[in-house]
Amino acid sequence: MRISRTRITAAVAATVTLAAAVTTVLAGTASAAQGCRVDYQPNEWTGGFTANVRVSPGDTALSSWTVTWSYPGGQRLTGGWNAQVSQAGTTVTARNAAWNGSVPAGGSTEFGVQGTSTSGSAAPTGFTLNGVPCNGAPPPTTTPPPTTPPPTTPPPTTPPPTTPPPTTPPPTTPPPTTPPPTTPPPAGCAGAVLCDGFENQTGSTPAGDWSVVNPDCSGAGRAAVDTTTTHSGSRSLRIDGAAGYCNHVFVRSTKDLSAVGTVRYGRIWLRHTTALPTQHVTMTAMTDAADGNKDLRMGGQNGALQWNRASDDATLPEQSPAGVALSVPLPTGRWTCLEFMVDGNQGQLRTWLDGTAVTGLTADGVPTHDVDGQWYNRTWRPRLTDLKLGWESYGEGADTIWYDDVALGSSRIGC
């Protein structure tokens, strides 16, 4: 892929700060147009809620933003994503993260909040963007309203009626008895078909929504539920990947993923222990029903991330020095957000690491030497049916990897 190719950037993981609210707008923040909108879409259950918030500045671009609103009572924030959020009394303040402050005219960005609530909590009000009222609210009054002289005629002295107003009987239909979820839904999944932080795993071996599989052959590779190293919550998936071909181990989702469709977006948080080796390894695999049920594989080679087709061993990028240089190594010793998009209709693929698009891991439909020339040596229209997380070594390369907060959907989910 040519260096001048447009790179795709997007919103990624949020840093949530539940500190005392500061309601003043940050210096240098672009002002919002009067036509701005803040759309607040809650998902509520007894005792709690999440809400997705879309910020649309109208016809004025933003370089940074601060959104405020008021909860009439009963709602208290406990966290958020894709923004820095805080609450003081009934006033909530949300500021852009480092990666999503720029919003073009006519565009929008989204973030989310999570909290607790009491029964009958009213909807939030008073939305502003960079101090400007949104959703059609009038601008704040800058001059005092005119004073009206008192009437010269005294008010009538007719007493009010003594008949009490009619009473309305309470409804006879009881409220719905659908039980609330036992735990709040995971934050930051944006309507994904699969959204799992492994919190419902009760044993040491993955079960229920996940099953341990050993493609081709099994050996020293191990998969376990871990409670000592997590990205969020109290559990994660740990893979101890051994070197050597017959040590393959994966954990496969048992959910029906057909609702994802032919355009698949994935988001995986992973923590990698050892630098990627020179020889080929795989960490994520998805069965391609349009390619003889062979796997589309995500892993590494020559010390950098790569995609690989099991059917013909094509790689993305090409494993030339120039191609490998357009990919990136996988960081070690910290949690990393890996996102991907596979478009089965157009035969295209995109990859983001910590929110930044990776040039060498992009197949845009036009063969480019050193990047996707080999990938498009034949027509490629994938139809992916599952998701497997684990470790597959084809020679050297042992590693321990943790996976957490995994999501699959038909639109980009973000970190």
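All values derive from a computational prediction rather than experimental measurement.

A. Representation of the sheet that holds strand E3 (residues 66-70) within the structure. Strand order in the open sheet formed by 5 strands is E5-E6-E3-E8-E9, and the pairing between neighbours is antiparallel. Of all strands in the sheet, those bounded by a partner on one side alone are strand E5 (83-88) and strand E9 (132-133). In the sheet, E3 pairs with strand E6 (residues 91-96) via 5 bridges, with the strands oriented antiparallel. Bridge pairing in E6 links Val67 to Ala94.

B. Just the pairing of strand E8 (residues 125-129), in detail. Where E3 meets E8, 3 bridges bridge the pair, whose relative direction is antiparallel. When the bridges of E8 are listed, Thr68 appears paired with Thr128. The turn linking E8 back onto E9 is made up of 2 residues, and Asn130 within it adopts a positive phi angle of 50 degrees.

C. Structural context of the confidence of the model for the protein. This prediction gives the protein a mean pLDDT of 81; 79% of its residues lie at or above 70. Contacts for the low-pLDDT stretch residues 140-146, under 50 throughout, to residues beyond four places or in other chains number 1 contact. Here residues 148-186 scores under 50 on pLDDT; set against residues more than four positions off or in separate chains, the count is 10 contacts.

D. Seen up close, the packing of aromatic side chains. Evaluation of the coordinates by the stated rule reveals 11 aromatic pairs. Plain terms: the ring middles of Phe49 and Tyr71 are 5.9 Å apart, the flat faces sit at 75 degrees to each other, and that makes the pair edge-to-face. Of this pair, Phe49 sits in strand E2 (residues 48-56) while Tyr71 sits in the loop between E3 and strand E4 (76-81), and the two are 22 residues apart along the sequence. Comparing Phe49 with Tyr71 shows no difference in burial state: the two are buried. Relative to Phe111, the ring of Trp65 lies with its centre 5.4 Å away and its plane at 20 degrees, an arrangement referred to as stacked. In this pair, Trp65 is assigned in the loop between E2 and E3 and Phe111 in strand E7 (residues 109-116), connecting sequence segments 46 residues apart. The class for Trp65 is buried, based on a relative accessible area of 0%. One aromatic cluster is present, built from ring pairs that chain together Tyr40, Phe49, Trp65, Trp69, Tyr71, Phe111 and Phe127. Against the face of Trp352 rests Arg412, its NZ or CZ located 4.0 Å from the ring centre.

E. Up close: the side chain of Glu392. Considering the arrangement of structural elements, one finds Glu392 in strand E23 (residues 388-393). Buried and unpaired, Glu392 has no salt bridge, with Arg297 as the nearest side chain of opposite charge at 4.3 Å. In this structure the side chain of Glu392 is engaged in a polar contact, spanning 2.8 Å, whose partner is the side chain of Tyr394. Aside from chain neighbours lying at most four places away, what touches Glu392 is Asp216, His248, Phe250, His280, Val281, Thr282 and Arg297.

F. Representation of the nonpolar core in the model. Leu296, Trp307, Leu349, Trp375, Leu387, Leu389 and Tyr403 are the most contacted members of the largest nonpolar core, which has 44 residues in total. Those residues within four positions of Trp375 in sequence are excluded, and the remaining contacts are Leu296, Trp307, Asn308, Arg309, Ala314, Thr315, Leu316, Leu349, Ala363 and Trp380.

G. Seen up close, the environment of Cys415. Along the chain, Cys415 falls in the segment after strand E24 (399-409). Separated by 60 residues in sequence, Cys415 and Gly355 place their C-alpha atoms 7.4 Å apart.

H. Region of interest: the environment of Thr230. Its place among the elements puts Thr230 in the loop between strand E12 (222-226) and strand E13 (236-241). Leaving out residues up to four positions away in the same chain, Thr230 has contacts with Arg235, Ser236, Trp335 and Asp404.

I. Broad picture of the sheet that holds strand E16 (residues 281-288). Strand order across the open sheet formed by 7 strands is E11-E14-E23-E16-E17-E18-E19, with antiparallel pairing between neighbours. Of all strands in the sheet, those with a lone pairing partner are strand E11 (210-213) and strand E19 (315-316), marking the two edges. Relative to strand E14 (residues 249-253), E11 runs antiparallel, the two being bridged by 4 bridges. By the bridge assignment, Ser211 is partnered in E14 with Arg252.

J. Here's a closer look at the side chain of Thr282. Position of Thr282 relative to the elements: it lies in strand E16. In terms of polar contacts, Thr282 uses its side chain to reach the side chain of Tyr394, at 3.1 Å. In this view, Thr282 contacts Phe250, Arg297, Met298, Gly299, Gly390, Trp391, Glu392 and Tyr394; residues no more than four positions away in its chain are not counted.

Reading the values: the criteria
- Residues numbered from 1 in each chain as written.
- Predicted model: local features only at pLDDT ≥ 70, side-chain atom pairs only at ≥ 80, totals over all residues.
- Heavy atoms only, no water.
- Pairing = 2+ DSSP bridges.
- Helix = DSSP H or I, 4+ residues; strand = E, 2+ residues; numbered from the N terminus.
- pLDDT = per-residue confidence, 0-100.
- Contact = heavy atoms within 4.5 Å.
- Phe/Tyr/Trp six-rings, centres within 6.5 Å; stacked < 30°, edge-to-face > 60°.
- Buried < 20%, exposed > 50% of the residue type's maximum accessible area, 1.4 Å probe, protein only.
- Lys NZ or Arg CZ within 6 Å of the ring centre and 35° of its normal.
- Lys, Arg positive; Asp, Glu negative; His and termini not counted.
- Salt bridge = Lys/Arg side-chain N within 4 Å of Asp/Glu carboxyl O.
- Polar contact = N/O pair within 3.5 Å; in protein donor to acceptor, adjacent residues only side chain to side chain.
- Core = buried A, V, L, I, M, F, W, Y, C linked by side-chain atoms within 4.5 Å.

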